[in-house]
Amino acid sequence: MLAEARDPDPLASVAPWKPPIAEKDRKDPGIHSRRRGLRYQRQASNQKSCFFGVETTPKLVWEDWDLGREFTKTLVLKNVYSKMQKLHIRSPVSKFFSISIPQTAYLSPGTSLSIPVIFRPLKRCEYDDIIEFQGGKGNFQIRLHAIPPCPTLEVPESVMLPLCAVQHSSQTHFQLKNVSKLKAFFQWDCPAQFQLYPEQGLLKPGQECHITVIFRPQEALVYQQQAYCRFGEEGNNPDSLCAVLLQGLAKYPYLQLRNSSGKEEEDHGDPVLHFGSVGVGQSLCKHFEIFNPSPVNVSFCLSCLPAVAPMYESEFSCDVSRGEVAPGESLQVLVTYFPAVVDAVSVEYLTLKYSGSISETRLKLIGKCIGPKVSLSSSVVDFGCVEERRSAVKTVELFNSSHVEAIYQWDIDCANSVFSILPANGTVPAQSHITLRAVYTPTHPMGHHRRVACLTLHREPVFLDLIGTCHSELQQPAILKPEHLVLYKLHWIHRQHSSDSVSALQQGHDANVDQEREHLFVEKQSNKKTYSGAAISTTPMEEFYQVCSGCVDPPSSSSLSSSPHVSIVPSELLFNHKMTSSSFTSSASQSVSITNHTTGKLSLIWTVTQKSSFSISPSSCVLAPLKSTSFQVTYVPKQLNTLHGAQLECFAYYKDSPDKRQQLLCLPWCVTVRVIGHSFQLGKEHFTPICSLKPHQVVFPALGGVFYRTVLLKNNGDLPLTFCQDHGSNCPLAESMPILPSCGVVPPGNHQILTLRAIPTEDSPKQGLSVTLQLNAAKFTKELTVISVVEKPHVFLESGSSLYFHPTAVGSQTQCSHHIRNLSRLPLRFQWSIPESDQELISVKPDAGELHPNESSVQIWSFSPLSEKMYTIKPTLTFWPLQSDESNKSHLTIEVVGMGSKGFIEAEKAVLDFGDTLIGSCRSFEVPLVNNSPCPVSFHLSVQQMLTDTCPSYDSETEQSALQLDFERGNIASRSTMLLRSTFRPCRQAQYVWTFSYQTLNTSGFVSCPPQALCEVRAKAVFPTLQVIDGYSCGSVGRVSKVHLWKLFSLESLNDHLLCSPSPTELTFRTPTKHSLRSCPSTFTKAIVDFNFSSAALNSDPTHFLLMLHNPGSVPVDWAFLFPEDQQIELEYWSVTGEFSSNELCQMKVQDNQLFRVSPRSGTLLPGQKRAVNFSYSHDFVGTDRLPVVLKLSHGREILLNFQGMTAEKEKTHLHFASTQHVFTSVAIGDCSPPRQIYELHSGGGVPVHYEVDTAALEQLQVDNFNHPVLRCLNPKGEILPGKTALLEWIFSPLEAKMYHMDVPINIQDSEPTLLRFDGCGLDSPTLGSSKIYASNSKTTVHCVQKVPFPGQLLFLSEDSIFLGNIPVCSPSSRILFLTNVSHTDTVQYLWELPQHGYQQVVQIYPEQGRLHPGECDLCVLTFTPSDYPTIYQLDLVCQVTAEAALARYHKALHHWEEEKQKQQDEFTITDKKLPERRVFIDKQPVAAPARKGPPLRKYKTLPPICSSSSSETVGSLYTRQTRTEQQLQREKAKEWRRPEAPQPALLHLNITAHSYGLLEYLTHFPDQYNKLLRNLPLNRTQQCLRNSASTSLSAGPSVSIHNSERDILQNTITPLLRDILDDSAFIKSLTLCYKPAIYRPTQISSTNSRNIPTPPCSPTQPISCSTSTPQPNGIVERKEAAGCSENKPRMQTTLKSKHAPADVCQVILMNTFQNLMMEAVRGELVLTAHPHTVTPPPLAVRSRQMSRAVTDEDQQTLKSHNPPK
């Protein structure tokens, strides 16, 4: 797009909105289009034009120019004319344009002339001028135009931004180009959601600028806004404007957190990432996904929820903190868990934040730290008695039952002790064990006992008691055993309880106790399962601390308040660690003091090792009771410049004990002193330590009390390492945190487990304090950060201190959630307390539990009101540290507010009817339930089923309900609607009625009220139904009447079966299924119907029957005609075994040759829909063919149709009988004139049939009935032409009131006789009023009215059958029929065939033939006049319908054929072989050779293969290869030119049924109908004139076609109109009195009528119209006339003669009037549905004057006519 500065309209360059285009084509189309639009002058100047034979440019344009210079353009003139031209040139008028050529120029043909035009501008403005040329034929001008230069920018019309999330940003780029020769300054002005960068700038000529568009939407909308660019020359105000349409679409972002581990979410919906149990010092990584289901890119930030102590290190780490997720993509995030505190549960929350989010998503991280779990195979190792300077070895196993590796260390110096355990330190793999060697090497005869601690990292130590006794030759002390250790422990416990001292025990209290008493006490104590808390309160860590402090208590001593037996001070000695002198002394001594806290004399013996650098003196001594003594420890290093360390041990035992048992009760005690030293000389650098100290941060529980933690100091170097706690810190709190041991030596590659002891206080710094270890007696240090702060429990109510419940139904329950969070570092236990009076109203789950640090818990509160009122309750939350004794509890109170109300529900509609449902199917529907109450309602639904129109076997109590609810219990929110989805699965045909009721539920889920009615639901279960409503025949059976068609196909029986419910066996396969392995599949139905396709001669036209199927039901029906092959499962060739039966072979022949065809075979009919199905049978083989076909309705009936067709030889006679049994209409006995009845015979062969009824059987029947002719045949002999039907007339005259069965043979020429069975019933003489018998017996079975034309049908009859009912003899009746051309293109001709053989005078129809244009309708009047003898009529009228187009083609072909035939007859033949052969003209079809009986040989070609494939191919080729005779016949046939055959007309059948009675019989049985009939008179002159006028009125005038729908409306309108008029008895009676003396002259007409009264009793008449008419629903007008009879009484004749003569004339006129109105309405000439026009009559006086004036005028005209002027 180009924008120029001179554009005065700032919006002129703005392009209209266009749909967004692709990114790669976003800019170019708009740019190029604008460039073409704005440079039209340049394009125009380049275009050539021709002026009077001179070709040149019509315009010269200067665009890029500047002041002070000349700019020249060349104008070229070319002579395209064939002659030389002379041009006179007029120069430009202005001084700014100039040319330098002569004023006259000559141009020869094809030459050009160049004229330079110079432009000299003086100021910056627009210039215009012209150059005029004058030639011989005219003048023309060339325009000179100079455009002032201005800045022009090129921008795209629109820019489409990428899809963007709300509160995010997306960007794109476009080019801004200066296409002018001037510098252009630009500045952008854009809306707030968009930002353009750079916002302003300066573009040189031809320079491009890369513009970045940033889109930052704040709402999810479609943005289409203009960004304006103001531009101009540099230094001037930018006054020009161009615009770019910025388009953007914003969507709300959404991210989901997916847990890849598949763990379930918490109750409140936040996902949880469980790490499970992880070993201390180990790590575990797990992933979760951030999924973006939205269509936009989303940038996110992942952060931890602020924890309880932000200064502490988090145990969870996440590798992603921020990022962006594309639409439909997911980002995997790795989370690592590093646990540090054993048995602690760590909880943290990751918060996913992103701009534009509606809610915040949290991920819960939880894991538990586990540590090692070690145990010893034995707690005591007994070495027994060992000789002095000898050694004993025992083994003990150290087990680790945890999943974490255990790091252990024995607190013993194996080199300076009589006991040693190897290895002294190491690791125990997870869930494994190691074997340790314990060695006892005594140096002094005495009993030894030492309790050694096995330190485990992150666990409390385990202790091992080592006991042994050393004997020498001189001294043999008592041998220590493990039971002595038990006795010692029990003795100490007893001492603590009795508060007795050991001195009292020695001074005689215990000396006098005998052995039994002592053992009794021990037994009592050993039988106790538990001891008091004071006896066993010491923990392993506390015991280890006492040992390290130099205090020796008995194992598992009671408390710290009791004094130890022996103590040593100090317990640690450091040598040369703090030297002040500059000289180095090779030895150093320090003293230690041992105190005897007992009342007995103790012997002290030190374990002396010669190889040790540390020695002690004296090595043994005796210590008096409650005294102390000192020993000198001397450090004499045996090696310089190294580090030394040792743990010296001293054993103490009672010196003089009178009883050995007393010595055993007080085992020896062992005290130790740790010593370290170095032998580095002055100036020698100490070893640089290579070690690690883990963990570097130690966190103690935030509780008051004594706690211990362990750390690991590992020597990773090759040199020994010494350590000691640096107490030089100024912090007094650091001094209160001792490290055990505080000094020691770590050999290369070994480790030392250090134990920290602390008592957390509130004054301790929250950031922790530093504890320093000095390494190698030098400046090397390691620091530990120790956090030991007491915190108060803190629980935060995330949902606030108030809890509100919405209104709740009384007796029901409402729940809501409330969050609490532990903001302290202490695991807490909480408990909710609800006032006792309110415990029935509210409850909470969980009401108690544990909260780990930083963990949030969801509390589900339940509110169950008891009455309709407002409740305010204040429950209390109590919580305390999990590790405390519940003495320090905290409390929080919240306020719970709720209201109780009454709830109810109702249905949206009281009665719901869901229509019909197919049985066997499944239908779902929804019942709307409405809750208009202010509270939610919990309900329980119950449904009671009731069925109507069911069979007696239905039991409502045992049968399962056909309606299934998706749920029976539920909850509906207040003021809302719930859709109750129900599924209906009907199993029987019935009307289902369900009554819905509900009951409200209480808190426990039990009903709280009686059932209340909700609504009633109705549904009807139906089977699919199908019905045959019409039939049509063509082909060989084209002349078969519809009555006969219904008998051939048993359509009445078929309809009865189709409308019945299917049996359970028929529903075995609900849809068409191949289920049988046999070629004759078995059926699952007992409904069998015969489809008889009649008979015809061989090679006749196929028999076609068209049936109109109609779905009268309310559900769609899927129907299918299943041939045997459609039900047979196809098998492989190898699996077909056995031979075929004759029946199977016949069926295979029928199916392979497709003798029976059904088209279409299957389909679907919607409710009310109709479909025509064509049934055809081909007459290809002589004989009778049968085929079982199953009519299957999906989910419905299954009916077996036995297709049967017969093909006769052409030269053989054949009579086809649809049935050999016929039932006559019942006749009353004693009837003097029984009615004639008709039986039809149909010729199905190719030659005429001569038949004769065997009268011998009739004569024998007469003899058997007292010589009474029970059955007579009026025409026993006759001949039937091929394809025609003969009517046998019978008179059945019963003698008795019984059923007669009569067998009558019919002899057929050249054929076997056929025996027919006639049945007839004789009835008693009916009394008056029993006319129902006659009426019912005379009705036909077919009363179908064709509503839908068959395919290809051109003419449509308004009525297919006419039932005239019971009429007197010789009484004519009339009907009006309509013939409609339903085609839109074809014109048709029709011709009525009237019945022959004595029925010519019975039926007449007018007009007998006619022509109908497309869409035109014609009216036909049918007159039926019964004969003088009572007869039961069943006549079939045929109307031939032929399309004029087919006739035209036939006449054209016939004319051409006749011309060619005449031409060949007139020409002679030249015997030249090269000339084309002459064609043979054949007028008639040659007679074919007689066909052999049975099917031809080719039928075996269709049998399934019995042999191999090669043999079958050979057989097939034999019958496909043509013989020489056949080839010759084909060549001769090709020479033939047969005479064209006339098109076969389509046949319409009209069935007429009537029952005529004698006059007296009719008067007897139908007196009410007889009184309504009028007398029939013969035609007179007046009636003949009226008939001629009526004929003229029906045929005269052009026919006007109207729309079919309008015609139907008119017919349906006029039918009830005529019915109401003619059924009115008052109207009919008025017709007899409608004449007046002033108008009618009785003397003239009465005499005429009296002379024309017929003399015979029953003389048939042929009137054109009728007197009494009864219109039918289809627009047919009926009339009945009673003919006079000689049996009538004279009085009645006089009455009829005097009163009915004038009425007959009126009826003729009235009937003709009705017919004319009917025809005019059908043709559209009369609109019966138009609104009547109301005419207001004048006043009575005016009307009187007008009438008198009219009468006077009429009299004058009469006088003038009688007295003509002379």
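Residues numbered from 1 in each chain as written. Predicted model: local features only at pLDDT ≥ 70, side-chain atom pairs only at ≥ 80, totals over all residues. Heavy atoms only, no water.

Some remarks on helix H10 (residues 1051-1058)
Worth spelling out the cut-off: Classification of residues uses two cut-offs on accessible area relative to the type maximum, computed with a 1.4 Å probe and protein chains only: under 20% is buried, over 50% is exposed, and between them is partly exposed. In this text, helices come from DSSP runs of H or I with a minimum length of four residues, and strands from runs of E with a minimum of two, each type numbered from the N-terminal end. Taken from the helix axis, the directions to the C-beta atoms give the arc we talk about. Throughout, a contact is declared for two residues whenever any of their heavy atoms are within 4.5 Å.
Within H10 the residues assigned to the buried category are Leu-1051, Leu-1054, Asn-1055 and Leu-1058. Buried residues in H10, looked at end-on, bunch into an arc of 95°, giving them a common side. Of the surrounding secondary structure, the elements contacted by the buried residues of H10 are strand S80 (1027-1035), helix H9 (1042-1048), strand S81 (1088-1097), strand S82 (1103-1110), strand S87 (1183-1193) and strand S88 (1198-1208).

Remarks on the packing of aromatic side chains
Our working definition: Pairing of aromatic side chains here covers Phe, Tyr and the six-membered ring of Trp, requires ring centres within 6.5 Å, and sorts the geometry by plane angle: under 30 degrees stacked, over 60 edge-to-face, intermediate tilted.
Applying the stated criterion across every chain yields a total of 59 aromatic pairs. Residues Phe-939 and Phe-967 carry aromatic rings whose centres are separated by 6.5 Å and whose planes lie at 55° to one another, so their mutual orientation is tilted. Here the residue Phe-939 occupies a position in strand S74 (residues 937-948), and Phe-967 occupies one in the loop between strand S75 (963-965) and strand S76 (969-972), the gap between them amounting to 28 residues. Judged by relative accessible area, which is 0%, Phe-939 ranks as buried. Centre to centre, the rings of Phe-1091 and Phe-1175 are 5.7 Å apart; their planes meet at 75°, and the pair counts as edge-to-face. Here Phe-1091, found in strand S81, pairs with Phe-1175, found in strand S86 (residues 1170-1177); they are 84 residues apart in sequence, far enough to count as distant. The pair Phe-1091 / Phe-1175 is uniform in exposure class, with both members buried. In textbook terms, an aromatic cluster arises when at least three aromatic residues are bridged by ring pairs, as seen for Phe-1049, Phe-1091, Phe-1093, Phe-1105, Trp-1119, Phe-1121, Phe-1123, Phe-1156, Phe-1175, Tyr-1177 and Phe-1203.

Some thoughts on the sheet that holds strand S7 (residues 97-99)
As a reminder of what qualifies: Any two strands with at least two DSSP-identified bridges between them are counted as paired. Only C-alpha atoms enter the line fits that serve as axes; for helices the fit covers just the stretch in contact. Angles between N-to-C directions range over 0 to 180 degrees.
On the basis of which strands lie adjacent, the open sheet formed by five strands has the order S2-S3-S5-S9-S7 and antiparallel pairing. Each end of this open sheet is capped by a strand with a single partner; those strands are strand S2 (49-51) and S7. The mean inter-strand angle of the sheet, taken between neighbouring strand axes irrespective of direction, is 30°. The pairing of strand S3 (residues 54-56) with strand S5 (residues 71-79) spans two bridges and is antiparallel. In the sheet register, Glu-55 faces S5, and the bridge partner there is Lys-78.

Section: the sheet that holds strand S55 (residues 743-746)
The five strands lie next to each other as S51-S58-S57-S53-S55, forming an open sheet whose pairing is mixed. Bordering the open sheet on either side are strand S51 (697-699) and S55, each of which pairs with just one other strand. Taking each pair of neighbouring strands and ignoring which way they run, the sheet shows an average axis angle of 25°.

Quick look at the environment of Ser-1219
Residue placement: Ser-1219 occurs in the loop between strand S89 (1215-1216) and strand S90 (1221-1223). Ser-1219 sits 98 residues away from Arg-1317 along the chain, and the two C-alpha atoms are 9.3 Å apart.

What to know about the pattern of salt bridges
As a reminder, the rule being used: Criterion for a salt bridge: a side-chain nitrogen of Lys or Arg within 4 Å of a carboxyl oxygen of Asp or Glu.
Per the counting criterion, the structure on display carries 27 salt bridges. The partner of Glu-70 in a salt bridge is Arg-120, and the shortest N-O contact between them spans 2.6 Å. Highlighted residues: Glu-70 in the loop between strand S4 (59-62) and S5 and Arg-120 in the loop between strand S9 (112-119) and strand S10 (127-134), separated in sequence by 50 residues. One salt bridge in this structure joins Glu-1458 and Arg-1539, with 3.6 Å as the shortest N-O distance. Here Arg-1539 lies in the loop between strand S108 (1536-1538) and strand S109 (1546-1557) and Glu-1458 lies in helix H15 (residues 1444-1466), a separation of 81 residues in the sequence. One network of salt bridges, with partners in common, ties together Arg-451, Asp-465 and Glu-543.

Examining the confidence of the model for the protein chain
The line we're drawing: Every residue is assigned a pLDDT by the predictor, reflecting its confidence on a scale from 0 to 100.
The pLDDT averaged across the protein chain works out to 78; a share of 75% of its residues lies at or above 70. Contacts for the low-pLDDT stretch residues 1327-1341, under 50 throughout, to residues beyond four places or in other chains number 27 contacts. Long-range and interchain partners of residues 1577-1603, a stretch whose pLDDT sits below 50, account for 47 contacts in this model, where long-range means more than four residues apart.

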